[in-house]
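Coordinates in review
For reference, the chains in residue letters:
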Amino acid sequence: MVLLSEVLEITPTGARTRTRIGENTRLFEATDGSVSASILIELMAQSVGVYAGSQAREAGLPPKIGFLLGTRRLTTTLSRLERGDCVDIDVDCVFLSVDGALPSQFACRALMDGKQIGCANLTVYQPDDPTHLSFSD
């Protein structure tokens, strides 16, 4: 499920993406066509994936699967986003686990018309071999 509309920029320390609320976010629409601002967490996570994938390709490696482990300090100024709203997500790498042994951390901001509408710190994990993970008791 790709919610992002486009990649605007990838830098050595982060990325900026854009999503237009509409076709890609239809699954999350309420009956009035709006989308809960909680979707910002997924937009941030997918933007982190853009950055991580670019880092892997730069190193000559294929992109790996990643897991969102947690979100800290999530704040939003809006409760809902409307169809047609354009949201930019900035992700900045705070800590990148080089060997995948530790989770990585990203500071994320959501902007609309250049004004911050949300922010959060995301903790993500990219195991070398996800087939060895067990999700059962």
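So, here is what we can say about the structure in this document. (Residues numbered from 1 in each chain as written. Predicted model: local features only at pLDDT ≥ 70, side-chain atom pairs only at ≥ 80, totals over all residues. Heavy atoms only, no water.)

Quick look at the pairing of strand β1 (residues 6-11)
Put simply, the test is: Pairing between strands is defined by DSSP: at least two bridges between the two strands are required. Per the convention used, a helix needs a DSSP run of H or I reaching at least four residues, while a strand needs a run of E reaching at least two, with both numbered from the N terminus.
Sheet topology note: the β1/strand β2 (residues 14-20) ladder contains five bridges and is antiparallel. The residue bridging Thr11 from the neighbouring strand is Gly14, located in β2. Hairpin connection, β1 to β2: the antiparallel pair is bridged by two residues.

Overview of helix α1 (residues 39-58)
The following threshold applies: Under the convention used throughout, the expected extent of a helix is 1.5 Å for every residue step, that is, one less than its residue count. Exposure is judged per residue with a 1.4 Å probe applied to protein chains only, and the accessible area is read against the type maximum: over 50% gives exposed, under 20% gives buried, and values in between give partly exposed.
Over its 20 residues, α1 extends 29 Å from the first C-alpha to the last, a length consistent with the 28 Å expected when each residue adds 1.5 Å. In terms of burial, α1 is largely enclosed, as 14 of its 20 residues are buried. Looking one or two places after α1, you find Gly60, whose phi comes out positive at around 80°.

Notes on a nonpolar patch on the surface
To keep things clear, this is the line we draw: Within this analysis, patches are made of residues with over 30% relative accessible area and no salt bridge. Like charges are joined at 9 Å or less; nonpolar side chains (Val, Leu, Ile, Met, Phe, Trp, Tyr) at 5 Å or less. Each accessible area is a Shrake-Rupley result for a 1.4 Å probe, and residues are judged covered by the shown protein chains and nothing else. Any Lys or Arg side-chain nitrogen found within 4 Å of a carboxyl oxygen on Asp or Glu counts as a salt bridge.
Taken together, the side chains of Met1, Leu27 and Phe28 define a hydrophobic patch exposed on the protein surface, amounting to about 360 Å² of accessible area. Taking relative accessible area as the criterion, Phe28 reaches 34% and is therefore assigned partly exposed.

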